[in-house]
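Spelled out, the chains give:
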Amino acid sequence: MSTEVFNDFNILEHFLVLRKRRRLIAITTLFVVVVVTFLSFAMTPVYKAVTRIVIEKDNPNVVSFEEIMSVEGSSSDYYQTQYEIIRSRSVARQVARQLDLYHSEEFFPDKLVDFSKIRDFFNFSMTEAEKTAARLARVEEDLLEAMEDNLDVSPIRNSRIVDIGFVAKDPKAAADIANAFARAYIDHNLGVQLEAVNDAVNWLNQRIQEERDKVDEAQKRFQAFREKHDIITDFTEDEENVTAQKLAEINTQVIEVQGLRVEAQTRYEQTRLALEKGTPIEAIPEVLNNDFIQSIKESEVELVKTLSELSQKKGPNHPQIKAIKAELSNLRSRMRLEAQQVVASLKSEYDAALARERSLIEALDKQKMAALGLNKLSTEYNALKREVKTAEEMHDLLIKRFKEASLEESMNTGNIRIVDKAEVPQEIHRPKKLLNMALGLIFGLSLGVGLAFFAEYLDDTLKTPDDVKDVLKIPFLGHIPAFEIDPLLDGPEPLITITEPRSVCSEAYRGLRTSILFSKAEVAPKVIQVSSSSPGEGKSTTSANLAATFAQTGARTLLIDCDMRKPRLHRFFQQQAPQGLTNILTNIQGQKTVSFATEQENLFFCPAGPIPPNPTELLSSPRMAQFIEYVRQRYDRIIIDTPPVTAVADAVILAAQADGVILVCHAFETRRGPARNAIEKIRESGANILGAVLNNVDQTQGDYYYNHYYYYYYGDSSGDTERGGPKKTHYITRI
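Residues numbered from 1 in each chain as written. Predicted model: local features only at pLDDT ≥ 70, side-chain atom pairs only at ≥ 80, totals over all residues. Heavy atoms only, no water.

### A short note on the overall build of the protein
When you go through the protein residue by residue, the secondary structure sums to 24 helices and 14 strands. Here the protein holds 735 residues, and 39% of them are scored as buried. Put simply, of all contacts in the protein between residues at least 6 apart along the chain, 80% involve residues at least 24 apart. Approximately 41600 Å² of the protein is accessible, and the part contributed by carbon and sulfur atoms is 54%. (Helix = DSSP H or I, 4+ residues; strand = E, 2+ residues; numbered from the N terminus. Buried < 20%, exposed > 50% of the residue type's maximum accessible area, 1.4 Å probe, protein only. Contact = heavy atoms within 4.5 Å. Areas by Shrake-Rupley, 256 points an atom, 1.4 Å probe, with all protein chains shown as cover.)

### What about the sheet that holds strand β1 (residues 47-55)?
With antiparallel pairing, 4 strands are arranged side by side in an open sheet as β2-β3-β1-β4. Each edge of the open sheet is held by one strand with a lone partner, namely β2 (151-155) and β4 (416-420). Between one strand axis and the next, the sheet turns through 30 degrees on average, direction left out of account. In this structure, β1 lies alongside β4, joined through 4 bridges in antiparallel fashion. Within β4, the position partnered with Ile53 by the bridge is Ile418. Strand contacts of helix α9 (residues 171-228): β1, β2, β3 (161-168) and β4, with the helix running at about 20 degrees to β1, the strand carrying the most contacts. (Pairing = 2+ DSSP bridges. Axes fitted to C-alpha atoms, helices over the stretch in contact; angles between N-to-C directions.)

### Focus: helix α3 (residues 22-42)
With 21 residues, α3 should cover 30 Å at 1.5 Å per step; its first-to-last C-alpha distance of 30 Å lies within 8% of that length. Residues of α3 that are buried sit in contact with α2 (11-20) and α14 (433-458). (Expected span 1.5 Å × (residues − 1).)

### Considering the nonpolar core
One finds Ile53, Ile55, Val95, Leu101, Met147, Phe166 and Phe181 to be the most contacted residues of the largest nonpolar core, which totals 35 residues. When contributions to this core are tallied by element, the ones reaching two or more residues are β1, α5 (76-86), α6 (89-99), α8 (128-150), β2, β3 and α9. Leave out the neighbours within four places in its chain, and Ile55 touches Tyr78, Tyr79, Gln82, Arg160, Val162, Tyr185, Asn415 and Ile416. (Core = buried A, V, L, I, M, F, W, Y, C linked by side-chain atoms within 4.5 Å.)

### Concerning unusual backbone geometry
In this model, Arg430 is joined to Pro431 through a cis peptide bond whose omega is 0 degrees. One can find Pro431 in the loop between β4 and α14. Phi at Asn158 takes a positive value of approximately 60 degrees, unusual for a residue other than glycine. If you trace the backbone, Asn158 turns up in the loop between β2 and β3. Given a relative accessible area of 78%, Asn158 falls into the exposed group. Unlike most non-glycine residues, Asn602 shows phi in positive territory, near 70 degrees. Tracing the sequence through the fold places Asn602 in the loop between β8 (596-597) and β9 (603-606).

### Some remarks on the packing of aromatic side chains
Within this structure, the stated rule accounts for 3 aromatic pairs. Centre to centre, the rings of Tyr78 and Tyr79 are 5.3 Å apart; their planes meet at 80 degrees, and the pair counts as edge-to-face. Summarising the aromatic geometry, the rings of Phe166 and Phe181 are spaced 6.0 Å apart at their centres and angled 25 degrees between planes, so their arrangement reads as stacked. You can see Phe166 sitting in strand β3 and its partner Phe181 sitting in helix α9, a full 15 residues away along the chain. Grouping residues by exposure puts Phe166 and Phe181 together as buried. (Phe/Tyr/Trp six-rings, centres within 6.5 Å; stacked < 30°, edge-to-face > 60°.)

### Observations concerning the pattern of salt bridges
Going through the model one piece at a time under the given rule, you end up with 15 salt bridges. In this structure, Arg52 engages Asp163 in a salt bridge whose closest nitrogen and oxygen atoms are separated by 2.7 Å. Of this pair, Arg52 sits in strand β1 while Asp163 sits in strand β3, and the two are 111 residues apart along the sequence. With relative accessibility at 31%, the residue Arg52 sits in the partly exposed group. The class for Asp163 is buried, based on a relative accessible area of 12%. Between Asp641 and Lys539 there is a salt bridge, and its shortest N-O distance comes to 3.4 Å. Remark: Lys539 occurs in helix α18 (residues 539-552) and Asp641 occurs in strand β10 (residues 637-641); sequence separation between them is 102 residues. Neither Asp641 nor Lys539 differs from the other in exposure class; each is buried. (Salt bridge = Lys/Arg side-chain N within 4 Å of Asp/Glu carboxyl O.)

### Here's the deal with the pairing of strand β6 (residues 527-532)
Here β6 lies mainly inside the structure; 6 of its 6 residues are buried. Because side chains alternate across β6, one face comprises the buried residues Val527, Gln529 and Ser531, and the other comprises Ile528, Val530 and Ser532, equally buried. Across 4 bridges, β6 lies against β10 in parallel orientation. The residue of β10 that forms the bridge with Gln529 is Ile640. One ladder, built from 5 bridges, connects β6 with strand β11 (residues 660-666); its direction is parallel. Note that in β11 the partner of Ser532 across the bridge is Val664.

### Observations regarding a nonpolar patch on the surface
Taken together, the side chains of Leu24, Phe443, Leu447 and Leu451 present a nonpolar region at the surface, about 320 Å² in accessible area. The dominant element in the nonpolar patch, judged by the number of residues it contributes, is α14, at 3 residues. The residue Leu451 is located in helix α14 in this model. By relative accessible area, which is 34% here, Leu451 ends up partly exposed. (Patch = residues over 30% accessible without salt bridge, like charges linked within 9 Å, V, L, I, M, F, W, Y side chains within 5 Å.)

### Remarks on empty space enclosed by the protein
This structure, assessed with the given rule, holds 3 cavities of 30 Å³ or more. A volume near 50 Å³ is recorded for the second largest cavity. If you go around the second largest cavity, the residues you meet are Arg87, Ser88, Arg89, Ala92, Leu144, Met147, Glu148, Leu151 and Phe181. Sorting the residues of the lining of the second largest cavity by element identifies α6 and α8 as the ones contributing at least two each. The dominant element in the lining of the second largest cavity, judged by the number of residues it contributes, is α8, at 3 residues. Class assignment for the residues of the lining of the second largest cavity results in 5 nonpolar, 1 polar and 3 charged. (1 Å grid on protein atoms, 1.4 Å probe; cavity = no way out; pocket = protein on both sides within 12 Å on 5 of 7 lines; lining within 4 Å. Points joined across faces, edges and corners; volume = space filled by probe spheres on them. Nonpolar A, V, L, I, M, F, W, Y, C, P; charged D, E, K, R; others polar.)

### Brief notes about a negative patch on the surface
Together, Asp142, Glu145, Glu148 and Asp149 give the surface a local cluster of negative charge. You can see Asp142 is positioned in helix α8. A residue is classified by how much of its surface remains accessible, and Asp142, at 44% relative accessible area, is partly exposed. (Lys, Arg positive; Asp, Glu negative; His and termini not counted. Charge placed at Lys NZ, Arg CZ, Asp CG, Glu CD.)

### Observations regarding the environment of Pro465
Mapped onto the secondary structure, Pro465 falls in helix α15 (residues 465-472). Separated by 11 residues in the primary sequence, Pro465 and Phe476 have C-alpha atoms spaced 6.0 Å apart.

### What about the sheet that holds β10?
The strand order β5-β12-β11-β6-β10-β7-β9-β8 describes an open sheet built from 8 strands, whose pairing is mixed. Only two strands of the sheet have a single neighbouring strand rather than two, namely β5 (476-481) and β8. The pairing of β8 with β9 spans 2 bridges and is classified as antiparallel. When the sheet's bridge partners are listed, Ala597 is paired in β9 with Phe604. Of the strands in this sheet, β6, β7 (557-561), β9, β10, β11 and β12 (689-697) touch α18, which is tilted by about 170 degrees from β10.

### Some details on the pairing of β7
Along any regular strand the residues' side chains alternate between the sheet's two faces. Taken across its 5 residues, β7 has 5 buried, putting it largely inside the fold. Residues of β7 alternate between two faces, with Thr557, Leu559 and Asp561 on one and Leu558 and Ile560 on the opposite face, all of them buried. Here β7 runs beside β9; their pairing, made up of 4 bridges, is parallel. Directly across from Thr557, in β9, lies its bridge partner Leu603. Bridge count between β7 and β10: 5 bridges; the pairing is parallel. Bridge assignment links Leu559 to a residue of β10, and that residue is Ile639.

Structure (structure tokens):
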């Protein structure tokens, strides 16, 4: 915790608030303890009996398909559901009927007046049967509500054990009802399970018949399909593999034949085109490779050689030369004819390759169609076969579940059992008198403390110096302790600063005097106005005693009573004087001042004089300003007592003519709003506010705010010394 936070939380201040409101706290605590004690002793004792049960894990797989309908028994939702079932009205209604609690004195003690019958009597629109039914319904409703209020379901943590407790005035009735709740809950659970099993059995029986019909229908469609397509055995994987292998072989042959056809076509086209273009036979590879043409070519070479040799010996017209040339021409003709035969042979090879290619492609298409037909047939066959198998499996599964459900129905077992039955309790469950009184004491103290701080929060009066500084935003000049007036004294009211100069009160006034003298750094104020926000705050007493303390220092001091509506200062010195401030302001006799010497040396008093009909006009007249200037020249200190600021405008008018204004606040009575309002009015007049005084501080109750400020030792009139506050015979400030 930081220092700032620690400073904000003032422990001493809170303690002092508790000390101040100690009577409220004590009365509240005593009242709560007395009420709790009375109620504890007046309360009818009740007893509590407890039955302990265990709820085991439960996974009912009746219809089960465990993945769909299983219940995880260890889940928190499951156990919370079970607790609510125990508290349910169906279980309570079963207990009430089992034990006949509708006529039990535990819930329906004898009554002098049956108010339900009175209500029914005035309800003329209902028949007797309807009235009886309504009364029974109300009786049952009241009984169930009472049972619900007295029932306690407490699970044991980290276990599957649950305590079922019931509270009743009769200990035996408490035990019987607790045990009945446990038994009714178990029966209810078994009933729900058996009902679910019965529903499941009926549902399974219906589904089995439906699935049997589906099996028969699937088998009929499957058999009809086999007969239609002459299927004797099932389609095997080998058959499909053979079909695929044949298709692959034919496809391979097609590819090979296509290659041969392309090659033959190429050879044929090239050779034909070469011959058509007149390409020499020697330049055509397919022709040149022919054996016959090669033999002709060799013969031609020999003849050309022979012709060349003869041409050198004989002329061109020689018969041998002509014969050789004729033979060469014959050979060339035969070569051309053979080349044409080669082209025809190539065309025949090409036509044969093309015909084989077409034949294989046709065979491939047929094989593809056969394979597709086989696949389609196999697919339909297998689909029908699977449909039959699925229907048979579903039928078999339902038969199995039907047997399991029938077996569970006959077993009639549950997952809940009783561990300990409730016994008749011997000790009282409620009230626990000592515990109630202790809790009442704690609650009373807490309530008292809360009320104390709440009362303090609602109290918006000025109580402490911090209130003056923080709320009014003006300096705190001091506090004046409360003192009482001795009722045996006659004559004028005494001034405590004169009659008991060594008392705490006198010292407080002297402290106030010192604060005023040091309130302004430049020069001490000479004309000091004393006022208050509301009547009865002690401004007149403060003015008189403050003036006396100034006079005790040797300063010529004039005390002026400017409260022309309810003057009071004359009671401290003498009876009502015939002349005073009113005479000066009206200038009836041309007087500039009317003052009287007092028993205190250097202290002079100017009374208010006769009460005028227009005090505000007199105080705001130029003569008042002239009077203030006149007395400034002849006195060292001038104390002006004025009416309350918020009551009339007199104090605000005079504030502008004073060197400073003192606001007297009655401790624990002056409210913050009027005090702030008074300060705002004084500031609007342009006056200087010296500070505020907390007056009439009752140190017998509020000394906790002030005792830590001052620790003085004073002696009484006999010379004895005392510490702290004033004597009980001192007088208290009235105004």
